Amino acid sequence: MSIARHDFPTAEALASGLADHIAAVLTVRLAQGGRAALAVSGGRTPTRMFEALSGKPLDWARVDITLVDERWVGEESDRSNAALVRKHLLQGPAAAATFVPLHVDAPTPEDGMAQVTASIAALPLPFAVVVLGMGDDGHTASFFPGGDRLAQALAPAAGQLLETMRAPAAGEPRITLTLPVLLAADALCLHIEGAGKQRVLEAALVAGPAEAMPIRAVLTRSVRPVEIFWCP
Ligand SMILES: O=C1O[C@H](COP(=O)(O)O)[C@@H](O)[C@H](O)[C@H]1O
């Protein structure tokens, strides 16, 4: 298991430090020519970081942004991760980026899967940067303990980009990028705040099955160091 710790004294410093890191990796990829893709998480944690990143002087017109996972709700819902990205990241200079949502107008994630898969397959994969979050239950992306498709999301068929997910703690049905797609990124960051999540992370680093604490699958299977960005 290989990790690199980046600890910050405050949430503001963490947001700024992670935004700097993401911008630096995107800059390296863009310098190679062509486009660069960034996959971000939803939930409550990323808001400040999104706002810090949105002002970076990148060639955003060559950046594609998507989510690592999405709740199967429309963007009018306050549960929509896409709505969070539009409100806090696709602003200022970053408004020139192309956003590729994981939700489409279909009743279920299974119904929308082919359309979303085509959108993600068209991105310049592998991702330059993937930014994961983590819940207090050890879920990351939509890899939930007890998820009905957790085993498939962690070990999908070759080339499978996305998986659906339903789980007791997930609320709505979900759609998520699969583990190999996340692990293939040039830079894989885990963005967490607070003593509670620090304890969850420590437990995941020690032992236990990935089925009980899916973040462990990321930590154990990544061939590159997982860059952990944390503040108290
Ligand atoms: O449901 C989700 O939760 C996780 C963690 O969110 P947070 O509110 O604890 O920061 C998030 O990483 C994921 O993208 C989201 O769909």
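Residues numbered from 1 in each chain as written. Predicted model: local features only at pLDDT ≥ 70, side-chain atom pairs only at ≥ 80, totals over all residues.

Engineer: It is not clear to me how the sheet that holds strand β8 (residues 174-177) should be interpreted in this structure. Could you clarify?
Structural biologist: Across a sheet, strands are paired by hydrogen bonds formed along the backbone, either parallel or antiparallel in direction. Spatial ordering of the open sheet is given by β4-β8-β7, a layout of 3 strands whose pairing is antiparallel. Single-partner strands in this sheet number two, and they are β4 (69-71) and β7 (162-165). Averaged over all neighbouring strand pairs, the angle between strand axes comes to 20°, with direction disregarded. Note: β4 against β8, 3 bridges, orientation antiparallel. Considered in β8, the bridge of Arg-71 is made with Arg-174. (Pairing = 2+ DSSP bridges. Helix = DSSP H or I, 4+ residues; strand = E, 2+ residues; numbered from the N terminus. Axes fitted to C-alpha atoms, helices over the stretch in contact; angles between N-to-C directions.)

Engineer: Sorry, what's going on with the site of the ligand here?
Structural biologist: In the vicinity of the ligand, the residues found are Ser-41, Gly-42, Gly-43, Arg-44, Thr-45, Val-68, Asp-69, Asn-81, Gly-133 and Gly-135. Split by residue class, the shell around the ligand holds 1 nonpolar, 7 polar and 2 charged. (Near = placed C-beta within 6 Å. Nonpolar A, V, L, I, M, F, W, Y, C, P; charged D, E, K, R; others polar.)

Engineer: I would appreciate a short explanation of the sheet that holds strand β3 (residues 63-67) in the present structure.
Structural biologist: Sheet architecture is open: 7 strands sit in the order β1-β10-β9-β6-β2-β3-β5, paired in parallel fashion. The outermost strands of the open sheet, each flanked by one partner alone, are β1 (3-7) and β5 (98-100). Direction aside, neighbouring strands of the sheet carry axes that sit 20° apart on average. Bridging between strand β9 (residues 187-193) and strand β10 (residues 226-231) involves 5 bridges; their strand directions are parallel. Opposite His-191, over in β10, you have Phe-229 as the bridge partner.

Engineer: What should I look at first to understand helix α3 (residues 81-88) in this one?
Structural biologist: Note that an α-helix has 3.6 residues per turn; residues three or four places apart therefore point the same way. Every buried residue of α3 is accounted for by Asn-81, Ala-82, Leu-84 and Val-85. The arc that holds every buried residue of α3, seen down its axis, measures 160°, which confines them to one face. The inward-facing, buried residues of α3 contact β2 (36-40), α2 (47-54), β3, β4 and β5. (Buried ≥ 20, exposed ≤ 12 C-beta atoms within 10 Å, placed from the backbone. Arc of directions from axis to C-beta. Contact = placed C-beta atoms within 7 Å.)

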